[in-house]
Amino acid sequence: MFQPKKKRPRIRKTMSGLIALALLSSLVLPSVAGAEPMEPSQVQFTDVSVQAGQSVHVPVTLKQPHYAAVTAYNMQIDYDSSALEIVRITPKYVGGNLPSIVENNEENFHYKIDNEAGWVRIIWADFTAGEHPVPVEQQLFDIEVKAKNNAAPGTKKLTVNREDAEHWSFTNVDYENYTELSGGTITITAANSGGDNSGSTPTPNPGNSSGGGGSVSPTSPVVTPVPSTPAVTKGVDIYVNGQKQEQSATATTSTVNNQVTTTIHVDNDKVINQIGSGLRTLLLPITGTGKGAVVGELNGKLVKTMEGSNAEVVIQTDSGTYTLPANQIQVDQIHNQFGGTTPLEDITIQIAIAPSAASKQTAIQAAADKLENTTVIAAPVDFEVKAIWNGQQVNVDRFNSYVERTITLPEGVDGSKITTGVVLQPDGSLLHVPTKVIKGNGQDSAIINSLTNSTYALIYHPATFSDVTNHWSRDDVQDLASRLIVQGTGENVFAPDRSITRAEFTAVLLRGLGLHAPRSTEAASFTDVKTGSWYEDEVQTAVSYGLISGYADDSFRPNSEISRAEALTIVSRAMKLVGLAQADASETTSLLSTYSDSAKVQAWAAEPVASAIKQELVQGADGKLMSDADISRAQSAAIVKRLLAKAGLI
């Protein structure tokens, strides 16, 4: 029935109208003269990571203009069959009350997999005269992909030949809909050598963020591991606004895949009734679990109540603490992901702290070994938030503001031997996240602030440079170098007085803030940012967070030296992200007036420069701001460090 590439399948007499429709020459419904969509629809294959020998879910979503509702689509997805195989396709939208259709059931959704040739064909059509087109933004289906046991580490791509109508066509009742495609990268990591305690299918990376930067991932099926030991349940005390609430929760402990997991089930209604609208902090303390995983469970109704009170939930364990403002869980987005009609009390929110799987520990150690003079301090820890309803799962991966988590160091581990926390990237590298170490009576701890959830580790990476030994910037430069924020220009050399380019300054600021990926997939369009350049990803990330905007001629000028005024303008935008107050109009005039060259500060830079002065990020020299002068590498390091310290991130 299906053939890959150029061969046109025969249409059997027993086929439904869907298959006949999908395989006719162009798959275009009768067009209306002059009916053309004003903007293209967007199909996204989520980018994911997967270990060799494991499977992963790839949500496929459609976002379209309200006037271009899709009533039929057809696509053939090609992949490298030597490394990947498709396990199944799960429809997420079939239209109205029409049934979800599985393979070979000839209804309005149909798919065919050919793992030998390396393609899968998906076809859908609305047979209700346009009454059930695809909604404006909707997950179409889910692809479960398995990386073969012998798959080599690297990246593979799910691709579509969009020039062939048999392989790619989206149709509206009035016209053929122009639809763009993005994503589909699958990063394959080495197979685990044993002892992986994850016990679950890897989850997809976050999709597009909405509004202010927080995001939840598309839904994926829940994988429920089977406990290997009987579950033990007992009553536990929790704390509301610091007051003990006896027997308002239960804790269930069991062992899954050699991992001891304790799950705290909150009595949601009891807590809501006790606190009314005055809830500020809900503390779930669980001790005595050692290296085990701890999961706090609330329902969507309680989270929504907490959100209205600007409250936070705190999970406190032997290995760490997770402090999460309820409004960062974004329960309304989650509710919409599940259809928008589900009672909030039926949605389970899980907040977890768990020791990282052995495979991640190995990857972190391997990455540290590639860095010079680097030691991993204590075992890495995973922090995650997810919502579950009716066998489906949504991962909460990104936040609108920095969220705090604490890693408690084992007894005997000296916190002064930590230079920073790091996050493990899909490519196996380690990157800085804002971290500060707190001394304790018996155990030190590291506080990490991040805009995402991930696997975090602590490292010791002392750095020195021969040319800053007697330089005013020595402490700032060496501190940021030990945090992997700045780098030298050669062996043991930093070149502190050298000017810094716009691209270099942007990269340093992003590393300092711990921003390692764009908050959305909206592409930056600068005429002079070349594809494949070292700074391409940094520019994309900075644009997505509103830190840079470029020039009127649509250029960014990445290799031009950046002035102090330009640098402080970017920093002032970062101040909003970290919650630092900026100067208002009256303060701007007053703050600038104390410098003899304030008249040289251009109008567009006045408020940003004044804001930097207000927060003591810059001080000037000899009573001058020198706003038009180039900023040096040392000055850049000092300003970024002051920004992070003033915001309490380091």
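Residues numbered from 1 in each chain as written. Predicted model: local features only at pLDDT ≥ 70, side-chain atom pairs only at ≥ 80, totals over all residues. Heavy atoms only, no water.

J.: Sorry if this is basic, but what is going on with the overall build of the protein chain here?
T.: Across its full length, the protein chain carries 12 helices and 30 strands. Counting over 650 residues, the protein chain shows a buried share of 51%. Only carbon and sulfur atoms are counted for the fraction: they give 47% of the accessible area of the protein chain, which is about 28,300 Å². (Helix = DSSP H or I, 4+ residues; strand = E, 2+ residues; numbered from the N terminus. Buried < 20%, exposed > 50% of the residue type's maximum accessible area, 1.4 Å probe, protein only. Areas by Shrake-Rupley, 256 points an atom, 1.4 Å probe, with all protein chains shown as cover.)

J.: Would you mind showing me how to read helix 3 (residues 300-308) here?
T.: In an α-helix, one turn spans 3.6 residues, which is why side chains three or four residues apart end up on the same side. Buried within helix 3 we find Gly300, Leu302, Val303 and Met306. Take helix 3 and look down its axis: the buried residues cluster within an arc of 160°, on one side only. If you check the start of helix 3, you find a side-chain oxygen 3.1 Å away from the backbone N of Lys301, and it comes from Asn299. Taken from the residues just after helix 3, Asn310 is the one with a positive phi, measuring 55°. (Arc of directions from axis to C-beta. Polar contact = N/O pair within 3.5 Å; in protein donor to acceptor, adjacent residues only side chain to side chain.)

J.: Before we go on, may I ask you to explain the sheet that holds strand 1 (residues 41-45) in this structure?
T.: Sheets are built from strands paired through backbone hydrogen bonds, the pairs being either parallel or antiparallel. Strand order in the open sheet formed by 5 strands is 5-8-3-1-12, with mixed pairing between adjacent strands. Here the strands that pair on one side only, and so sit at the sheet edges, are strand 5 (84-91) and strand 12 (179-183). Across the sheet, the mean angle from the axis of one strand to that of its neighbour is 20°, orientation sign disregarded. (Pairing = 2+ DSSP bridges. Axes fitted to C-alpha atoms, helices over the stretch in contact; angles between N-to-C directions.)

J.: I tried to follow the pattern of salt bridges on my own but got confused; where do I start?
T.: Where charged atoms of side chains with opposite charge meet at close range, the side chains can pair. By the definition in use, this model includes 17 salt bridges. Of the charged contacts in the structure, one is a salt bridge between Asp382 and Lys360, with a shortest N-O distance of 3.3 Å. Of the two residues, Asp382 sits in strand 24 (residues 375-389) while Lys360 sits in helix 5 (residues 358-370), which places them 22 residues apart along the sequence. We note a salt bridge from Asp479 to Lys641, for which the minimum N-O separation is 3.3 Å. You can see Asp479 sitting in helix 6 (residues 474-482) and its partner Lys641 sitting in helix 12 (residues 633-646), a full 162 residues away along the chain. (Salt bridge = Lys/Arg side-chain N within 4 Å of Asp/Glu carboxyl O.)

J.: What's the story with the sheet that holds strand 2 (residues 48-51) in this structure? I'm lost.
T.: What the 3 strands build is an open sheet, ordered 2-13-9; its pairing is mixed. Either end of the sheet is taken by a strand with one partner, and the two such strands are strand 2 and strand 9 (154-157). Geometrically, the sheet is characterised by an average inter-axis angle of 30° between neighbouring strands, direction not taken into account. Sheet topology places strand 9 next to strand 13 (residues 185-189); 4 bridges connect them, and they run antiparallel. Across the sheet, the residue bridging to Gly154 is Ile188, located in strand 13.

J.: Sorry, what's going on with the packing of aromatic side chains here?
T.: Centre distance and the angle of the planes are the two values used to describe a pair of aromatic rings. Applying the stated rule across the entire model yields 12 aromatic pairs. Ring geometry for Phe465 and Phe494: centres 5.4 Å apart, planes at 45°, overall tilted. You can see Phe465 sitting in the loop between strand 30 (455-460) and helix 6 and its partner Phe494 sitting in the loop between helix 6 and helix 7 (502-513), a full 29 residues away along the chain. Of the aromatic side chains, those joined through ring pairs into one cluster are Tyr73, Tyr93, Phe109, Trp124, Phe141, Trp168 and Phe170. In this structure, Arg405 is placed above the aromatic ring of Phe383, and the distance from its NZ or CZ to the ring centre is 5.8 Å. Lying across the ring of Tyr551, Arg557 places its NZ or CZ 3.6 Å from the centre. (Phe/Tyr/Trp six-rings, centres within 6.5 Å; stacked < 30°, edge-to-face > 60°. Lys NZ or Arg CZ within 6 Å of the ring centre and 35° of its normal.)

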